2 protein chains.
Amino acid sequence: MFDEHENGYFTEETSAEVVAARNAKAEDERLRDCVNILVKHIHAAIKEMEPSQEEWFKTIMFLTETGHTCDDWRQEFILLSDIMGVSMLVDAINNRKPSGASESTVLGPFHVAEAPELPMGSNICLDGKGEPMLVRGRILDTDGTPVADAKIDVWQANDEGFYDVQQKGIQPDFNLRGVFRTGPDGTYSFRAVKPKFYPIPDDGPVGKLLRSLGRHPYRPAHFHYILEADGFESLTTHIFDPDDPYINSDAVFGVKESLMAKFDLIEDRAAQQEAGFDEAFYLVEHDFVLAKG
Amino acid sequence: MFDEHENGYFTEETSAEVVAARNAKAEDERLRDCVNILVKHIHAAIKEMEPSQEEWFKTIMFLTETGHTCDDWRQEFILLSDIMGVSMLVDAINNRKPSGASESTVLGPFHVAEAPELPMGSNICLDGKGEPMLVRGRILDTDGTPVADAKIDVWQANDEGFYDVQQKGIQPDFNLRGVFRTGPDGTYSFRAVKPKFYPIPDDGPVGKLLRSLGRHPYRPAHFHYILEADGFESLTTHIFDPDDPYINSDAVFGVKESLMAKFDLIEDRAAQQEAGFDEAFYLVEHDFVLAKG
């Protein structure tokens, strides 16, 4: 009738084992294993920290405030996971790529599923702000063979550091978003605007924590890609501006050495005309290598 | 101007060290140390669990729902801390008592600061429900000397398993609460009602998690004490009914062997009269030993 399973008494020494024994009857073995792993490591953290009752209550209140900051438009727990490096760690574990394949990084909260499919070379900058940029390169497999019919979904913040979905009614819809498809030669190209660094939302408890830790909320300038092609693992990644002031201190730890692009300022008039610009522009040439699926 | 501190790139292997290096400039060293300890152990847990992106998102949504369940009257993160054994671990770390002193357990959410001070022997049961109980004993120091002028703050749930503050307007105010003060002989006594087991609030995400783990939400029958006396460490504890069906599976892990009381059913008429009852009653005799402060 009742659970009279004898687990032994709870002590500092046995705490995690006593809790795990109590979870022994869970039908979902994966849930049970994950909870027991978390209990083991969190108990180890508590034993190392030795928080006072007041410190532990402050932690409870921080989590509560973080929950209260979440709504349909704001996910403060994802921000917390991001600034603690947990989101990047989960990304790394789920995207171990074979040697030679391009590396992944975090998706971020600003992807939009229904961005328009555009002809190669289109300019996705619809608000006319910022320094023009031409991005081009090839999608290859790990043998160096071009990948035809690869779908390239790109998005980025505007010259003021905001995504269109953060400024609905201010920026044009689908500003700086587009989907492209490679032909038989595997090449891609599109025009956009040189990205700028921007802060993660920092007016909530996570922003306050960052300040208490002596950290800034900025992500270095980047643009986002999701690459998909039949027979290949999909790749969610960024490429970064290596000259960005925050390139070594991304608030969410998204930077990897292999994700650095090169931004060349092109001042030659003929090259500007050929690229469809009437002023100096930045040229970013970057190839991606997809892992076979 | 900018943080250009070079921390090395984030990888599965270096993840926790890279995050800790980023926190190096925190002015609050205790905060920095605690965050870095948590990061180290949570990253270790993630590496052991290897959650899918979907599993991690489910975890984020569980925390979000837990936050949304918290309000002025409900603290779902404390419940989560309780059922994971974390509250008891923090209690144990903060209440290491010398040999021979009575042990502590969790405060719980139902203590009220302004309970009335009553004469020794008073009956704190104001709703007339349940089986009568007389509790008595001595407050001693670790040498066995009675402690005079010790303040004893007691509270418990009623015969239906609810504290007065959970049933405002249904139970009389301060039902089953009282504060007593020992005389020179260190003895205490009060009349109340035999406690019953009761569930922690289980209509939120923590209750759902308990069910998914094959666990019940019950706490075995107990009553609460806070004992305070000049020159001694204060003691927050329970005493438990060893015959309770949930005595080996307290949902919040509060039970310790030394906290078992003995409930003797007294049917002798003269003893009933002496205790101030006109029916059979339970006698609980329990001494407490305070650690010198």
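In this text, all values refer to a predicted model and were calculated from it rather than measured experimentally.

(A) Geometry of the interface of chain B and chain A. In this assembly, 83 residues from chain B lie in contact with 83 residues from chain A. The junction of chain B with chain A conceals about 7500 Å² of combined surface from both sides, 64% of it contributed by carbon and sulfur atoms. Where chain B packs against chain A, one counts 8 salt bridges. Its salt-bridge partner being Glu12(A), residue Arg96(B) comes within 2.9 Å of it at the nearest N-O pair. Across the contact surface, chain B and chain A share 33 residue pairs in polar contact (both at pLDDT 80 or more). Of all the secondary structure elements, the ones that give two or more residues to the side of chain B that touches chain A are helix 1 (15-22), helix 2 (29-49), helix 3 (53-69), helix 4 (76-83), helix 5 (86-94) and helix 6 (205-212) of chain B. Here the side of chain B that touches chain A takes 18 residues from helix 2 of chain B, the largest share from any one element.

(B) Quick look at the sheet that holds strand 7 (residues 222-228) of chain A. Residue and element names in this part refer to chain A. The 4 strands are arranged 3-2-7-8 in an open sheet whose pairing can be described as antiparallel. Here the strands that pair on one side only, and so sit at the sheet edges, are strand 3 (177-181) and strand 8 (235-240). Neighbour to neighbour, the strand axes of the sheet diverge by 20° on average, direction disregarded. Examined bridge by bridge, strand 2 (residues 151-155) and strand 7 share 5 bridges and lie antiparallel to one another. Each bridged residue has a counterpart across the sheet, and for Ile152 the counterpart in strand 7 is Leu227.

(C) Broad picture of unusual backbone geometry. Residue and element names in this part refer to chain B. A positive phi angle, near 60°, is found at Asp149, a position not held by glycine. The phi torsion at Leu176 lies on the positive side, around 65°, for a residue other than glycine. Topologically, Leu176 is positioned in the loop between strand 2 (151-155) and strand 3 (177-181).

(D) Fine view of the pattern of salt bridges. A complete count under the given rule lists 44 salt bridges over all chains for this structure. A salt bridge links Asp159(A) to Lys196(A); its shortest N-O distance comes to 3.0 Å. One end of the pair, Asp159(A), is in the loop between strand 2 and strand 3; the other, Lys196(A), is in the loop between strand 4 (187-193) and strand 5 (198-199), and 37 residues separate them in sequence. Several salt bridges converge on common partners, so that one network encompasses Glu12(A), Glu50(A) and Arg96(B).

(E) Fine view of the environment of Pro205(A). All names here are of chain A. In this fold, Pro205 is placed in helix 6 (residues 205-212). Given the relative accessible area of 3%, Pro205 is considered buried. The spacing of Pro205 and Gly67 is 138 residues in sequence and 9.7 Å in space, taken between C-alpha atoms. Leaving out residues up to four positions away in the same chain, Pro205 has contacts with Phe62, Glu65, Thr66, Thr69 and Glu76.

(F) Structural view of the relation of the copies chain B and chain A. When chain B is fitted to chain A, the best match, at an RMSD of 0.1 Å, comes from turning it 180° and sliding it 0.0 Å along the axis. Expressed as an axis order, the relation between the two copies is that of a two-fold axis. For chain B, the residue whose C-alpha comes nearest the rotation axis is Gly67(B), separated from it by 2.0 Å. The share of interface residues of chain B whose copies in chain A are also at the interface is 100%, consistent with both copies meeting through the same surface.

(G) Quick peek at the domain arrangement of chain A. Split by domain assignment, chain A resolves into domain 1 (1-50) and domain 2 (86-290). Placing a centre on the C-alpha atoms of domain 1 of chain A and another on those of domain 2 of chain A gives a separation of 43 Å.

(H) Spatial organisation of the side chain of Ser102(A). All names here are of chain A. Examined against the element boundaries, Ser102 turns out to sit in the loop between helix 5 (86-94) and strand 1 (132-141). For Ser102, a relative accessible area of 15% translates into the label buried. A polar contact is formed between the side chain of Ser102 and the backbone nitrogen of Val289, at a distance of 2.8 Å. Filtering out sequence-adjacent residues up to four positions away, Ser102 remains in contact with Lys97, Leu235, Asp287, Phe288 and Val289.

(I) Spatial organisation of the UniProt feature "domain: Intradiol ring-cleavage dioxygenases" (unreviewed entry) in chain A. UniProt marks residues 135-163 of chain A with the feature "domain: Intradiol ring-cleavage dioxygenases" (unreviewed entry), using the numbering shown here. Between the end C-alpha atoms of residues 135-163 of chain A the distance is 19 Å, and the span holds 0% helix and 41% strand.

(J) Seen up close, the pairing of strand 8 of chain A. Residue and element names in this part refer to chain A. The element strand 8 is largely enclosed, with a buried count of 5 among its 6 residues. Sheet topology places strand 7 next to strand 8; 6 bridges connect them, and they run antiparallel. The partner of Leu227 across the bridge, within strand 8, is Leu235. Linking two consecutive strands that pair antiparallel, namely strand 7 and strand 8, is a turn of 6 residues; a positive phi of about 90° is found at Gly231 within it.

(K) Focus on the sheet that holds strand 3 of chain B. All names here are of chain B. Pairing is antiparallel across the open sheet formed by 4 strands, whose spatial order is 3-2-7-8. This sheet does not close on itself; its edge strands, each paired only once, are strand 3 and strand 8 (235-240). On average, each strand axis in the sheet is inclined to that of its neighbour by 20°, with strand direction left out of account.

(L) Local environment of the packing of aromatic side chains. This model, assessed by the stated rule, comprises 33 aromatic pairs over all chains. On the basis of an interplanar angle of 40° and a centroid distance of 6.2 Å, the ring pair of Tyr188(B) and Phe288(B) is categorised as tilted. Highlighted residues: Tyr188(B) in strand 4 (residues 187-193) and Phe288(B) in strand 11 (residues 288-290), separated in sequence by 100 residues. Note on accessibility: Tyr188(B) and Phe288(B) belong to one class, buried. Among the aromatic residues, ring-to-ring pairing joins Phe180(A), Tyr188(A), Phe190(A), Phe223(A), Tyr225(A), Phe263(A) and Phe288(A) into one connected group. Its end group placed over the ring of Phe277(B), Arg191(B) keeps NZ or CZ at 5.7 Å from the ring centre. Above the face of the Tyr282(B) ring, Lys194(B) is positioned so that its terminal group lies 4.9 Å from the ring centre.

(M) Structural view of helix 5 of chain B. In terms of burial, helix 5 of chain B is largely enclosed, as 8 of its 9 residues are buried. Taken as a whole, helix 5 of chain B has its buried residues at Val86(B), Ser87(B), Met88(B), Leu89(B), Val90(B), Asp91(B), Ala92(B) and Ile93(B).

(N) Summary view of the nonpolar core. Of all hydrophobic cores here, the largest spans 68 residues; its most connected members are Ile46(A), Met84(A), Ile46(B) and Met84(B). Two domains each donate at least three residues to this core, and these are domain 1 (1-50) and domain 2 (86-290) of chain A. Sequence-distant contacts of Ile46(B), defined by excluding residues within four places in its chain, comprise Val86(A), Leu89(A), Val90(A), Ile93(A), Pro51(B) and Trp56(B).

Basis of the calculations
Residues numbered from 1 in each chain as written. Chains lettered and ligands numbered in written order. Predicted model: local features only at pLDDT ≥ 70, side-chain atom pairs only at ≥ 80, totals over all residues. Heavy atoms only, no water. Contact = heavy atoms within 4.5 Å. Buried area = accessible area lost by both parts, 1.4 Å probe. Salt bridge = Lys/Arg side-chain N within 4 Å of Asp/Glu carboxyl O. Polar contact = N/O pair within 3.5 Å; in protein donor to acceptor, adjacent residues only side chain to side chain. Helix = DSSP H or I, 4+ residues; strand = E, 2+ residues; numbered from the N terminus. Pairing = 2+ DSSP bridges. Axes fitted to C-alpha atoms, helices over the stretch in contact; angles between N-to-C directions. Buried < 20%, exposed > 50% of the residue type's maximum accessible area, 1.4 Å probe, protein only. Least-squares fit on C-alpha atoms with pLDDT ≥ 70 in both. Domains from an automatic or database assignment. UniProt positions renumbered as here; feature names shortened; annotations may be inferred. Phe/Tyr/Trp six-rings, centres within 6.5 Å; stacked < 30°, edge-to-face > 60°. Lys NZ or Arg CZ within 6 Å of the ring centre and 35° of its normal. Core = buried A, V, L, I, M, F, W, Y, C linked by side-chain atoms within 4.5 Å.

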